[in-house]
Amino acid sequence: PDVAMEDLEGKTVRVSDCKDRTVILSCWASWCDPCVAEFPSMVKLVEFFAGKVVMVAVSADHTKEDIVSFLKPYGGKAPANVVVLWDKDRKVPEQYGTEVLPESFILGKELKLIRKVAGSEDWFAPGAVQLFTEIVGR
């Protein structure tokens, strides 16, 4: 399903706004240690693909301040090609059938599901970079 909610600046963002790019829809929270561990590798992957891959990071945090605090190493805001959304009602994991955090969904350029990734991963490992190279080249 298409997700529509506000980013940290109050702008409504839809996953469908990212059509024509590969999307990583990540369900996470700053209180989730595995989520925190994988976030930097996701940012590296998105940076490596310079606009061809975007991450929509849907946070299940309890407060917006928790998210902003988590993003302090990134200047207090989302890195380039990363959209951070606050799912204060925790509806997105329910819509996507997520039972545990982190869980991510790789969506192709037409926003069709390519792969579901349950649990923490090294998103910048050679195998992951190869996978995204193949996806982006499609």
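Cut-offs applied
- Residues numbered from 1 in each chain as written.
- Predicted model: local features only at pLDDT ≥ 70, side-chain atom pairs only at ≥ 80, totals over all residues.
- Heavy atoms only, no water.
- Salt bridge = Lys/Arg side-chain N within 4 Å of Asp/Glu carboxyl O.
- Helix = DSSP H or I, 4+ residues; strand = E, 2+ residues; numbered from the N terminus.
- Buried < 20%, exposed > 50% of the residue type's maximum accessible area, 1.4 Å probe, protein only.
- Polar contact = N/O pair within 3.5 Å; in protein donor to acceptor, adjacent residues only side chain to side chain.
- Contact = heavy atoms within 4.5 Å.
- Disulfide = S-S within 2.5 Å.
- Pairing = 2+ DSSP bridges.
- Axes fitted to C-alpha atoms, helices over the stretch in contact; angles between N-to-C directions.
- Phe/Tyr/Trp six-rings, centres within 6.5 Å; stacked < 30°, edge-to-face > 60°.

A word on the pattern of salt bridges. A full pass over the atoms with the stated rule returns three salt bridges. Arg-14 is the partner of Asp-2 in a salt bridge, and the nearest nitrogen-oxygen pair spans 3.8 Å. Residue Asp-2 is found in the segment before strand 1 (4-6), and its partner Arg-14 is found in strand 2 (residues 12-14); the two are separated by 12 residues along the sequence. On the basis of relative accessible area, Arg-14 is assigned to the partly exposed category, the value being 40%. Here Glu-110 makes a salt bridge to Lys-19, at a shortest N to O gap of 3.6 Å. Here Glu-110 is found in the loop between strand 6 (103-107) and strand 7 (113-118), whereas its partner Lys-19 is found in the loop between strand 2 and strand 3 (22-28), with 91 residues between them in sequence.

With respect to the element layout, Ser-59 can be found in strand 4 (residues 53-59). Taking relative accessible area as the criterion, Ser-59 reaches 0% and is therefore assigned buried. Within polar-contact distance, the side chain of Ser-59 engages the side chain of Asp-61 at 2.6 Å. The contacts of Ser-59, once residues within four sequence positions are left out, are Trp-28, Ala-29, Ile-67, Leu-85, Trp-86 and Asp-87.

Evaluated as defined, the whole model comprises one disulfide. For Cys-32, the disulfide goes to Cys-35, at an S-S distance of 2.4 Å. One disulfide, between Cys-32 and Cys-35, carries an S-S torsion of 75° and so falls in the right-handed class. Residue classification places Cys-32 among the buried positions, given a relative accessible area of 6%. For Cys-35, a relative accessible area of 2% translates into the label buried.

Quick look at the sheet that holds strand 4 now. Strand order in the open sheet formed by five strands is 5-4-3-6-7, and the pairing between neighbours is mixed. Every other strand in the sheet has two partners, leaving strand 5 (82-86) and strand 7 as the edge strands with one partner each. Recorded for the sheet is a direction-independent mean angle of 15° between the axes of neighbouring strands. In terms of strand pairing, strand 3 meets strand 6 through five bridges, oriented antiparallel. In the sheet register, Leu-25 faces strand 6, and the bridge partner there is Phe-105. Helix 1 (residues 33-48) rests against strand 3, strand 4, strand 5 and strand 6 of the sheet, and its axis sits at about 155° to strand 4. Each of strand 3, strand 4, strand 6 and strand 7 touches helix 4 (residues 126-137); the most contacted strand, strand 3, lies at about 130° to it.

Taken as a whole and judged by the stated rule, the model has nine aromatic pairs. Taking 5.1 Å as the distance between ring centres and 85° as the angle between the ring planes, the aromatic pair formed by Phe-48 and Phe-49 counts as edge-to-face. Assessed through its relative accessible area of 48%, Phe-48 is described here as partly exposed. Note on Phe-49: relative accessible area 9%, which makes it buried. A centroid spacing of 4.9 Å and a plane angle of 45° characterise the contact between Tyr-96 and Phe-105, whose relative ring orientation is tilted.

That is the geometry; function is a separate question.
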